[in-house]
Amino acid sequence: MVSFEEVQAAARQIAGVAHRTPVMTSRLLDAACGNQIFLKCENLQRVGAFKFRGATNAISRLSAAEKAAGVITHSSGNHAQAVALVSQLLGVKATIVMPNNAPALKLNATRDYGAAVVLYDPATDVREAISQELAQRHGYVLIPPYNHPHIVAGQGTAGLELFEEVGPLDYLFVPCGGGGLLSGCALAAKHLAPGCRVIGVEPAAGDDATRSFYSGVLQTSHNPQTIADGARTGSLGDLTFAMIRHYVDEMLTVSDDDLVRTLAFVWTRLKLVVEPTGVLGLAALFNRRYALAGQRVGVILSGGNVDLVAAAGWLQTTRVSS
Ligand SMILES: *Cc1c(COP(=O)(O)O)cnc(C)c1O
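Analysis parameters
- Residues numbered from 1 in each chain as written.
- Predicted model: local features only at pLDDT ≥ 70, side-chain atom pairs only at ≥ 80, totals over all residues.
- Heavy atoms only, no water.
- Salt bridge = Lys/Arg side-chain N within 4 Å of Asp/Glu carboxyl O.
- Helix = DSSP H or I, 4+ residues; strand = E, 2+ residues; numbered from the N terminus.
- Buried < 20%, exposed > 50% of the residue type's maximum accessible area, 1.4 Å probe, protein only.
- Near = heavy atom within 4 Å.
- Polar contact = N/O pair within 3.5 Å; in protein donor to acceptor, adjacent residues only side chain to side chain.
- Areas by Shrake-Rupley, 256 points an atom, 1.4 Å probe, with all protein chains shown as cover.
- 1 Å grid on protein atoms, 1.4 Å probe; cavity = no way out; pocket = protein on both sides within 12 Å on 5 of 7 lines; lining within 4 Å.
- Sits in = over half its atoms within 2 Å of the grid points.
- Nonpolar A, V, L, I, M, F, W, Y, C, P; charged D, E, K, R; others polar.
- Pairing = 2+ DSSP bridges.
- Contact = heavy atoms within 4.5 Å.
- Axes fitted to C-alpha atoms, helices over the stretch in contact; angles between N-to-C directions.
- Phe/Tyr/Trp six-rings, centres within 6.5 Å; stacked < 30°, edge-to-face > 60°.

1. Things to note about the pattern of salt bridges
Tallied over the full model, the rule gives 14 salt bridges. Residue Glu 164 pairs with Arg 20 through a salt bridge whose shortest N-O separation is 3.0 Å. Here Glu 164, found in helix 8 (residues 149-166), pairs with Arg 20, found in the loop between helix 1 (4-14) and strand 1 (23-24); they are 144 residues apart in sequence, far enough to count as distant. Take Glu 164: its relative accessible area is 48%, and that puts it in the partly exposed class. Asp 249 is the salt-bridge partner of Lys 190, the closest N and O atoms lying 2.7 Å from each other. Here Asp 249 lies in the loop between helix 11 (238-247) and strand 9 (250-254) and Lys 190 lies in helix 9 (residues 180-192), a separation of 59 residues in the sequence. Residue classification places Asp 249 among the partly exposed positions, given a relative accessible area of 26%. Among the ionic contacts, a cluster of salt bridges with common partners joins Lys 40, Glu 42, Arg 53 and Glu 161.

And the structure:
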């Protein structure tokens, strides 16, 4: 498992490269959720998501020979953009394996950062197999999206900064896909505020982490249909599963309708551009999916790369009160 010292080392490694994102509060949001909410705004991170933290920590630690060989990864979007930008900044060649249903915004941004994109069909192909085959054939170094100690430590710096800024919290709500962000933030929380309960939140359509957490056996979701595209991962990794079992207190799910109602509030009332996966944690509180009142609650808003054309469709299918 990753140690807290590795999160601290990651914070030093990414200092001056990754943004120290702001923590936002809103009395309107507090009233809507019935708690005092502290939003860690990773939608304002470079590339628009916390993934820049892990990618910077992982790629900048490669040897000169590994950097010369180039890197490869598989991702539905934000990790792709992060690896692409970090590689560009460090002069490393990057190849990204992306699903053909990834949002156009994320595909284009990845190409714009200078990476070579290889598309696959999530209905029929296994992305890990494709990137491993290419890595072997060309000698690229694989930068996994979540199941890697340097990635987990890097993502944990978001939690580290939140506690440094606001002090102890009663609860921390964190989005969960492959579990890198949740693992790192839970680790930071348990060191900096041992009494803080850490809750991981994932989309109901892809509830494999919740099932894994409560059964103790790694479960999978095949090509889950949810607007939370950053959490369409098939399963936790062995590292993130072990860390989540050890450091996380509870896991829960929210529906896509919960996400849309939360997005509408965040966009219009808080003036924050956040993507569906980014509000997983907040949606649990905003839609009262977890009984909680009068507590100091940290929430990671994990990303802001929202596809506006798709968003117009979501607003039409979910009743949103204005
Ligand atoms: C990747 C991603 C997640 C999930 O992170 P994991 O480390 O895979 O659990 C959550 N939100 C956004 C915006 C993401 O890009």
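Resuming the write-up.
2. Some thoughts on the site of the ligand
In the region of the ligand, 15 residues are neighbours, and Lys 51, Asn 78, Gly 177, Gly 179 and Ser 302 sit closest. The separation between an oxygen atom of the ligand and a polar main-chain atom of Leu 181 is 2.9 Å. Protein chains bury 98% of the 380 Å² of accessible surface belonging to the ligand in isolation. According to the grid-proximity analysis, the pocket containing the ligand is the largest pocket. Of the residues in the shell around the ligand, the class split is four nonpolar, nine polar and two charged.

3. Quick word on the sheet that holds strand 4 (residues 94-99)
The pairing of strands in a sheet happens through backbone hydrogen bonds and is either parallel or antiparallel. Taken together, four strands build an open sheet; the order of strands is 5-4-3-6 and the sheet is parallel. Of all strands in the sheet, those with a lone pairing partner are strand 5 (116-120) and strand 6 (141-142), marking the two edges. Sheet analysis places strand 3 (residues 71-74) next to strand 6, joined by two bridges and oriented parallel. Counterpart to Val 71 in the pairing with strand 6 is Val 141. Against the sheet, helix 5 (residues 78-90) makes contact with strand 3 and strand 4, and its axis sits at roughly 170° relative to strand 4, the strand it touches most.

4. Side note on the pairing of strand 2 (residues 36-41)
Of all six residues that make up strand 2, five are buried, and the element is covered over most of its length. Note that strand 1 and strand 2 share two bridges and pair antiparallel. Within strand 2, the position partnered with Met 24 by the bridge is Leu 39.

5. Some words on the packing of aromatic side chains
Under the counting rule described, the total for this entry stands at five aromatic pairs. When the ring of Tyr 171 is compared with that of Tyr 290, the centres are 5.9 Å apart and the planes differ by 70°; the resulting orientation is edge-to-face. Placement of the pair is Tyr 171 in strand 7 (residues 171-175) and Tyr 290 in the loop between helix 13 (280-286) and strand 10 (296-301), with a sequence separation of 119 residues. Each of the two residues, Tyr 171 as well as Tyr 290, counts as buried. Taking the centre distance of 4.8 Å and the plane angle of 45° together, the rings of Phe 265 and Phe 286 count as tilted.

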